[in-house]
Amino acid sequence: MKSVHVTGVDTESWVEVDKPAIGSADVLLKMKACGICGSDAMYAHFGGIPPRQGATPLGHEPAAEIAEVGDDVEGLAVGDHVVIDTMAFTDGLLGSGGAQGGFSEYIVVRDAAPGRQVRVIPDHIPWHVAALNEPMAVAYHAVNRTDPKPGDKVVVFGAGPIGLGAVLGYRRRGASHIVVVDIQPNRLQTALEIGADAVINSAEEDVAARLVELHGDGATPLNRGIRPGTDIYLDAAGVSIVPQTVTAMAKHGATLGIVAVHKKPVELDFGSILTSELNLVWSMGYPTEIFEVTDDIIENWQKYALIVSHTMPFEQTLDALQLAKTPGAADKIVVTFD
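Here the structure is a predicted model, which means the values were calculated and not measured.

How each quantity is defined
- Residues numbered from 1 in each chain as written.
- Predicted model: local features only at pLDDT ≥ 70, side-chain atom pairs only at ≥ 80, totals over all residues.
- Heavy atoms only, no water.
- Helix = DSSP H or I, 4+ residues; strand = E, 2+ residues; numbered from the N terminus.
- Buried < 20%, exposed > 50% of the residue type's maximum accessible area, 1.4 Å probe, protein only.
- Pairing = 2+ DSSP bridges.
- Contact = heavy atoms within 4.5 Å.
- Axes fitted to C-alpha atoms, helices over the stretch in contact; angles between N-to-C directions.

Enquirer: I would appreciate a short explanation of unusual backbone geometry in the present structure.
Expert: For residues besides glycine, phi is generally negative; the peptide bonds are generally trans as well. The phi torsion at Asp111 lies on the positive side, around 50°, for a residue other than glycine. With respect to the secondary-structure elements, Asp111 resides in the loop between strand 7 (106-109) and strand 8 (118-121). For Asp111, a relative accessible area of 41% puts it in the partly exposed group. Although it is not a glycine, Glu277 sits at a positive phi angle of roughly 45°.

Here you go:
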């Protein structure tokens, strides 16, 4: 069968591999959709992921249909639509250094159990939306790490897939007002359609001053100046100006969460941060959220569908990966299978 692998530095290629065979405790999945993540380009840039240098199967945002079920597997049936915990495979992380990747016609789940590696979803959820389950779990973990309380006022920097998923996650957790900050008008429009209460184009507006208008004045005698009443900030943008801006304006006791990958070191003024007692938290992966977020996707799949900007057929996966590397060309690409 066909599979897409990293075969060299900045090189992805089609590779012919054997179709997996299953044992009595296994399930064979026919891939139906797989999203492209920014880390796919990172894996290619480094020529793969050790110990699979130069031979890394790609694709870790999958949705699939069960094609075969081993005799000893309970609770799963041929034809079930499933989303997948890519971190729970026994042969390594799916598409992130493991033996298999989601840009393949089939994958096998060893020692399969519902609720561990796979979760059945309703048939009416479109495949390209189901494939968002993995990145939306990343977004929801970021939301959980910032520990929002009902009524909190939130700002999300970056209206890419993770930032937009966080908007939906904060709404689920009871945030009273959510602002999204970006510099691309089309992304800001999508944020409004998904449910943000307001948006700020940081290339055109003074972010701090506008947030004071939206979230009130959070200044205190120890924290003077322009201090929005924002409770939580989430950096889903990955540019140094975001944490620098937040730490300079955060009110006392606010929280800044970092889920974005910063490719360069960020310099922060600890002296100015000290008086605000800013809570700084970090977020990576999804320890528990992979199937928690599924409920919200099922209930609100039409909103999640707005996150996907492009779908492309499996036969064009290499083109899709190149498009995803092109700045500003696509917000979220999902590869779909026949």
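Enquirer: Sorry, what's going on with the sheet that holds strand 4 (residues 56-57) here?
Expert: Within a sheet, each strand pairs with its neighbour through backbone hydrogen bonds, oriented either parallel or antiparallel. Pairing in this open sheet of 3 strands is antiparallel, and the strands run 2-1-4 from one edge to the other. With partners counted over all chains shown, the strands left at the sheet margins are strand 2 (11-16) and strand 4, one partner each. In terms of strand pairing, strand 1 (residues 2-8) meets strand 4 through 2 bridges, oriented antiparallel. Each bridged residue has a counterpart across the sheet, and for His5 the counterpart in strand 4 is Pro57. This element, helix 11 (residues 317-325), spans strand 1 and strand 2 of the sheet and lies at about 165° to strand 2.

Enquirer: For this particular structure, what's the right way to read the pairing of strand 6 (residues 81-84)?
Expert: Sheet faces and side chains relate simply in a regular strand, where the side chains alternate between the two faces. Judged by which residues are buried, strand 6 turns out to be covered on both faces: His81 and Val83 on one side and Val82 and Ile84 on the other are all buried. With 3 bridges joining them, strand 5 (residues 62-69) and strand 6 adopt antiparallel strand pairing. By the bridge assignment for strand 6, Ala63 is matched with Val83. By the bridge criterion, 4 bridges tie strand 6 to strand 8 in an arrangement that is antiparallel. Bridge pairing in strand 8 places Val82 opposite Val120.

Enquirer: In this structure, what is going on with the sheet that holds strand 10 (residues 177-182)? I would like to understand it.
Expert: Ordered by their spatial adjacency, 6 strands build an open sheet running 11-10-9-12-13-14, and the pairing between neighbours is parallel. Both outer strands of the open sheet, strand 11 (198-201) and strand 14 (279-282), are each paired with one neighbouring strand and no more. Sheet twist, expressed as the mean angle between neighbouring strand axes with direction ignored, is 20°. Sheet topology note: the strand 10/strand 11 ladder contains 4 bridges and is parallel. When the bridges of strand 11 are listed, Asp182 appears paired with Asn201. Taken strand by strand, helix 5 (residues 185-194) contacts strand 10 and strand 11, and its axis lies near 170° from that of strand 11. Here helix 6 (residues 207-215) sits on the sheet in contact with strand 9 (153-157), strand 10, strand 11 and strand 12 (232-235), set at roughly 165° to strand 10.

Enquirer: When you look at the environment of Ile273 in this model, what are you seeing that I'm missing?
Expert: With respect to the helices and strands, Ile273 occurs in helix 8 (residues 270-276). The residues contacting Ile273, other than those within four sequence positions of it, are Thr247, Leu268 and Leu278.

Enquirer: Is there a simple way to think about the environment of Gly285 in this case?
Expert: Looking at where Gly285 falls in the secondary structure, it is placed in the loop between strand 14 and helix 9 (292-299). The exposure class assigned to Gly285 is buried, which follows from its relative accessible area of 19%. A C-alpha to C-alpha distance of 24 Å links Gly285 and Pro126, two positions 159 residues apart in sequence. Gly285 has contacts with Ala137, Val138 and His141, leaving out every residue within four places of it along the chain.

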